Amino acid sequence: MNPHVPAEPPHDSAPEHLRAPEITEAECRRCGTLIAGLDGRYACGVCGWVNDHSEGHRRLPRAEEDPDFPRGRRRRPLPPSPYAPPGPAGTAAAYPG
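Keep in mind it's a predicted model, so treat the numbers as computed, not measured.

Chemist: Before we go on, may I ask you to explain the overall build of the chain in this structure?
Modeler: Within the chain, the regular secondary structure consists of zero helices and two strands. Carbon and sulfur atoms make up 56% of the accessible area of the chain, which amounts to about 8,700 Å² in all.

In C-alpha cells form, the structure reads like this:
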C-alpha cells in the first residue's frame, strides 16, 4: 500500500441521516462569491444570500433521527397564563360579573 495514494473509502452501511455531510462549493447566485456549504446548502457571508433547504443533495434529518435527540424526557407544564380567567372555563366563577 502506497502512503501517497489515498485508499478507497470503505463502503458506508450507516443510514443516510447518520453519514457525515459532504462539503460542496458553488458561486453565490446574488454576488458571485465562491462559497462552501454542506450537501448543497449554502449561505453567502458577503451579501447574505441563502439557498432554499430543499435544494440540498439529500433530505435533512428529522429531529427524532438525531443521535443527540432527548428521548424519554417529559415536557414541563406551562405556567398559567396571566390572561386566563380564574376557575374552570365555562363556569360562572370563570366570568364574574
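Chemist: I'm lost on the pattern of salt bridges in this one. Help?
Modeler: Following the criterion strictly, the structure yields four salt bridges and no others. Across the pair R29 and E55 runs a salt bridge whose closest N-O atoms are separated by 2.6 Å. Taken as a pair, R29 in the loop between β1 (23-27) and β2 (34-38) and E55 in the segment after β2 lie far apart in primary sequence, 26 residues in all. Among the residues examined, R29 registers a relative accessible area of 58% and is labelled exposed. Between E64 and R62 there is a salt bridge, and its shortest N-O distance comes to 3.1 Å. Among the residues examined, R62 registers a relative accessible area of 52% and is labelled exposed.

Chemist: Explanation requested: the side chain of N51 in the structure shown.
Modeler: In this structure, N51 sits in the segment after β2. A residue is classified by how much of its surface remains accessible, and N51, at 8% relative accessible area, is buried. Polar side-chain contacts of N51 include one of 2.9 Å to the backbone oxygen of G40. Here the side chain of N51 touches Y42 through a polar contact of 2.7 Å, landing on its backbone nitrogen. Here N51 is in contact with G40, R41 and Y42, once residues within four sequence places are set aside.

Chemist: For this particular structure, what's the right way to read the pairing of β2?
Modeler: One face of the sheet, then the other: side chains in a regular strand alternate in exactly this way. Taking every second residue as pointing to the same face, the buried face of β2 carries I35 and G37, while none of L34, A36 and L38 on the other face is buried. With five bridges connecting them, β1 and β2 associate as antiparallel partners. When the bridges of β2 are listed, T24 appears paired with G37. What sits between the antiparallel neighbours β1 and β2 is a turn of six residues, in which G32 has the positive phi angle 85°.

Reading the values: rules and limits
Residues numbered from 1 in each chain as written. Predicted model: local features only at pLDDT ≥ 70, side-chain atom pairs only at ≥ 80, totals over all residues. Heavy atoms only, no water. Helix = DSSP H or I, 4+ residues; strand = E, 2+ residues; numbered from the N terminus. Areas by Shrake-Rupley, 256 points an atom, 1.4 Å probe, with all protein chains shown as cover. Salt bridge = Lys/Arg side-chain N within 4 Å of Asp/Glu carboxyl O. Buried < 20%, exposed > 50% of the residue type's maximum accessible area, 1.4 Å probe, protein only. Polar contact = N/O pair within 3.5 Å; in protein donor to acceptor, adjacent residues only side chain to side chain. Contact = heavy atoms within 4.5 Å. Pairing = 2+ DSSP bridges.

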